[in-house]
Amino acid sequence: MSEAATTLRAPPGALTEGSPYGIPSRKLAMWLFIIADAATFGAILFAYGYLRLANPDWSKPFAFTPTIVNGMVMTVVLLTSSLTMVAGLAAAQSGRTAAGVRWLGVTMLLGLAFAALHLREWFAMIAEGWRLFRNPMGGSPLFGATFFGITGLHLLHVVCGVIVIGVIALGFRRGRFGAGHVEATALYWHFVDLVWMFVFPLVYLMNVR
Amino acid sequence: MTAIAPRPGPTMKLYAVVWIGLILIVGLEVLLTYEHLPAGALLACLLGLALIEAALGVMYFMHLRYERRTLFWSLIPYLLFALVMMDHFWPDALRLMRQRLHGP
């Protein structure tokens, strides 16, 4: 019996109805969470756009090296982690448990590398005097608030994703979780990747010197 | 009991092609940034490319292309509607931009 069929198991005699979407409930729940989270990030990015447009002294602090180069490396690392995640999901769905766990481990490492690169950049900016409400360049102090707020929320999603992937990978190896759990986790991870596709151009590239 | 048969998804080769495409788009974004375009034109280009990246990711990495269409039509229009509804404050941001005080 497939895992999806197990998910929809009903007591004998009960009336059951097929999913109109043809997907297990956990996957639908993850999609609904993603849509809600996308609206959250959308609202934050819209607020950033408003502040950037309305403030006459918005700072443009980012140089090609190290910030934009670092951002490009972070982007490639995150995109690659999406590729390793689909490799892990493909392995999990075809019953290759060891390979699935291995790919999930690689995805976690790439997520950690992204977080480390991000924190390195944060610490460099903090050393230059940037704070949530302090701008060492003398421009609008809201730059720090929006930069640390948006990238911090995304970083929080990355860190949570790494932890969830670790929990799912352990459970999958022990047979407690199935490929459906890996698939729902993969959806979340790809979403985190997609959010960065908007954060990088809007928060970094639009603020180059 | 209702069994949900797994639907066929993309191959690893197609995933790799999408991954390369996404990286190329990121490179294009950086190149455009240093072309010294007007801010509005640069923003339009970057947003357009980011939307293409998001569409590729949602359709292929997140398999939405391979799910039933009802899932797409139940999710995406509502998200777009919510995002469009957030657009009503741009006139105020533009008003503030035009009211900027210039020094002597």
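A short tour of the structure in this document, coming up.

Calculation rules
Residues numbered from 1 in each chain as written. Chains lettered and ligands numbered in written order. Predicted model: local features only at pLDDT ≥ 70, side-chain atom pairs only at ≥ 80, totals over all residues. Helix = DSSP H or I, 4+ residues; strand = E, 2+ residues; numbered from the N terminus. Buried ≥ 20, exposed ≤ 12 C-beta atoms within 10 Å, placed from the backbone. Contact = placed C-beta atoms within 7 Å. Nonpolar A, V, L, I, M, F, W, Y, C, P; charged D, E, K, R; others polar. Expected span 1.5 Å × (residues − 1). Core = buried A, V, L, I, M, F, W, Y, C linked by C-beta atoms within 7 Å.

### Things to note about the environment of Ala47 of chain A
Residue and element names in this part refer to chain A.
No. 1: You can see Ala47 is positioned in helix H2 (residues 25–54).
No. 2: The class for Ala47 is partly exposed, based on 15 C-beta atoms found within 10 Å.
No. 3: Counting along the chain gives 120 residues from Ala47 to Val167, while the straight-line C-alpha distance between them is 34 Å.

### Examining the interface of chain B and chain A
No. 1: Of the residues lining the interface, 40 residues belong to chain B; the matching set on chain A comes to 47 residues.
No. 2: Taken together, the elements giving at least two residues each to the side of chain B that touches chain A come down to helix H1 (12–33), helix H2 (39–61), helix H3 (69–85) and helix H4 (90–98) of chain B.
No. 3: Per-element tally for the side of chain B that touches chain A: the top contributor is H1 of chain B, with 10 residues.
No. 4: Considered class by class, the residues forming the side of chain B that touches chain A number 31 nonpolar, four polar and five charged.

### Brief notes about helix H5 (residues 142–174) of chain A
No. 1: If you check H5 of chain A, its first and last C-alpha atoms are 48 Å apart, about what 33 residues at 1.5 Å a residue would give, namely 48 Å.
No. 2: Count one or two residues on from H5 of chain A and you reach Gly175 of chain A, which has phi positive near 85°.

### As for the nonpolar core
No. 1: Residues Val86 and Leu187 of chain A are the most contacted members of the largest nonpolar core, which totals 66 residues.
No. 2: Within the residue set of this core, elements represented by two or more residues are H2, helix H3 (64–93), helix H4 (97–127), H5 and helix H6 (179–204) of chain A together with H1 and H2 of chain B.
No. 3: Per-element accounting of this core gives the leading share, 18 residues, to H6 of chain A.
No. 4: When residues no more than four places from it in sequence are discounted, the contact partners of Val86 of chain A are Ala186 of chain A together with Tyr15 and Phe61 of chain B.

Treat this as a map of the structure, not an account of what it does.
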